[in-house]
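Chain by chain, the residues run as shown.
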Amino acid sequence: IIETEHFFGGLKDLETGQRGFLLTGKNNYLEPYYSGIDDTMKSFKMLKRLTIDNEKQQNRLNSIQGFMDLKFKELERTITLANSNKREEALNIVNEDVGKKYMDNIRQILNQFIFTEKVLLEQRKGDFRENRAKITTFMLIEITFFIFLAILTLLFIYKNLFSPL
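The text that follows walks through the structure, step by step, so that each part is easy to find.

Reading the values: the criteria
- Residues numbered from 1 in each chain as written.
- Predicted model: local features only at pLDDT ≥ 70, side-chain atom pairs only at ≥ 80, totals over all residues.
- Heavy atoms only, no water.
- Helix = DSSP H or I, 4+ residues; strand = E, 2+ residues; numbered from the N terminus.
- Rg over C-alpha atoms; globule rule 2.2 N^0.38 Å.
- Buried < 20%, exposed > 50% of the residue type's maximum accessible area, 1.4 Å probe, protein only.
- Contact = heavy atoms within 4.5 Å.
- Areas by Shrake-Rupley, 256 points an atom, 1.4 Å probe, with all protein chains shown as cover.
- Lys, Arg positive; Asp, Glu negative; His and termini not counted.
- Charge placed at Lys NZ, Arg CZ, Asp CG, Glu CD.
- Patch = residues over 30% accessible without salt bridge, like charges linked within 9 Å, V, L, I, M, F, W, Y side chains within 5 Å.
- Salt bridge = Lys/Arg side-chain N within 4 Å of Asp/Glu carboxyl O.
- Polar contact = N/O pair within 3.5 Å; in protein donor to acceptor, adjacent residues only side chain to side chain.
- Axes fitted to C-alpha atoms, helices over the stretch in contact; angles between N-to-C directions.
- Parallel < 35°, antiparallel > 145°, perpendicular 65-115°, else oblique.
- Left-handed = near helix turned anticlockwise from the far one by under 90°.
- Nonpolar A, V, L, I, M, F, W, Y, C, P; charged D, E, K, R; others polar.
- Expected span 1.5 Å × (residues − 1).

## What about the overall build of the protein?
- Within the protein, the secondary structure is distributed over five helices and zero strands.
- Taken from the N to the C terminus, the helices and strands of the protein come in the order α-α-α-α-α.
- On C-alpha atoms alone, the protein measures out to a radius of gyration of 30 Å, which is more than a quarter above the 15 Å that the 2.2 N^0.38 rule sets for 165 residues.
- With the principal axes as the frame, the protein shows a C-alpha extent of 110 × 30 × 20 Å.
- Out of the 165 residues belonging to the protein, those deemed buried represent 30%.
- If you take every contact in the protein between residues at least 6 apart in sequence, the share linking residues at least 24 apart comes to 71%.
- Put simply, the protein shows about 11400 Å² of open surface, and 60% of that area lies on carbon and sulfur atoms.
- Placing the 24 positive and 22 negative side-chain charges of the protein at their respective mean positions leaves the two points 3 Å apart.

## A word on a nonpolar patch on the surface
- On the surface, a cluster of nonpolar side chains totalling about 690 Å² of accessible area is made up of L140, I143, I147, F148, I151, L152 and L155.
- According to the relative accessible area criterion, L155 is exposed, its value standing at 52%.

## Some points on the environment of S84
- Within the fold, S84 resides in the loop between helix 3 (55–83) and helix 4 (87–95).
- Once the C-alpha coordinates of S84 and E15 are considered, the two residues, 69 residues apart in sequence, prove to be 19 Å apart.
- Only 3.0 Å separates the side chain of S84 from the backbone oxygen of T80, close enough to count as a polar contact.

## What to know about the packing of helix 1 (residues 2–24) against helix 4
- Where helix 1 contacts helix 4, the axes come no closer than 10 Å and their chain directions differ by 140 degrees. With respect to helix 4, the axis of helix 1 lies oblique. The interaxial crossing formed by helix 1 with helix 4 has left-handed handedness. Between helix 1 and helix 4, the contacting residues are Q18, R19, L22, L23 and T24 on the first element and R87, A90, L91 and V94 on the second.
- The residue inventory of the contact of helix 1 with helix 4, partitioned by class, reads five nonpolar, two polar and two charged.

## A word on the packing of helix 2 (residues 31–50) against helix 3
- For the pair helix 2 and helix 3, the least separation of the axes is 11 Å and the interaxial angle reads 170 degrees. Regarding the angle of helix 2 to helix 3, the classification is roughly antiparallel. On helix 3, the residues that touch Y33, T40, M41, F44, L47 and K48 of helix 2 are Q58, L61, N62, I64, Q65, M68, F72, L75, E76 and I79.
- Among the residues making up the contact of helix 2 with helix 3, the classes are represented as 10 nonpolar, four polar and two charged.

## Looking at helix 1
- The first and last C-alpha atoms of helix 1 sit 33 Å apart over 23 residues, in line with the 33 Å expected at 1.5 Å per residue.
- Following helix 1 by one or two positions, G25 adopts a phi angle in the positive range, close to 75 degrees.

## Examining unusual backbone geometry
- Phi is positive for N85, close to 60 degrees, though the residue is something other than glycine.
- On the secondary structure map, N85 appears in the loop between helix 3 and helix 4.
- For N85, a relative accessible area of 74% translates into the label exposed.
- Of note in this structure, D97 is not a glycine but carries a positive phi near 65 degrees.
- Topologically, D97 is positioned in the loop between helix 4 and helix 5 (98–162).

By themselves these figures say nothing about function.
Below, the structure is given as structure tokens:
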């Protein structure tokens, strides 16, 4: 769940850097864009690794990857156009809201992903509580058994060793 926040934060950095560059034309605004690419890819790989045992979540991540690739291409295209002194054309692409639709799709799938992870987390918590209760019960039975065994041993020793003395 935390890694999804890192992932989405990286996507926001991508957009922030691209928008800042398109508005100002200054290359230093691309720093969040480039760091966002790295952060997003690292987080995405980590999400894939963390959910390798869950086919449903892997399918959601594959869907996200498709939209993510489209979003990356859209961002790269606008930056390339702006670098080629075609800023108006780049702004027109942004104004078409295609990138927003990609982000909306990613956000929707990511919300489903997070919901499923929260459900799985609650199930694991329930399993943990159940196992803890079983272990506690088992330990109480063991303690009771050993106390009873100690009492019997003391009575046996007293009857067979100390009484005759």
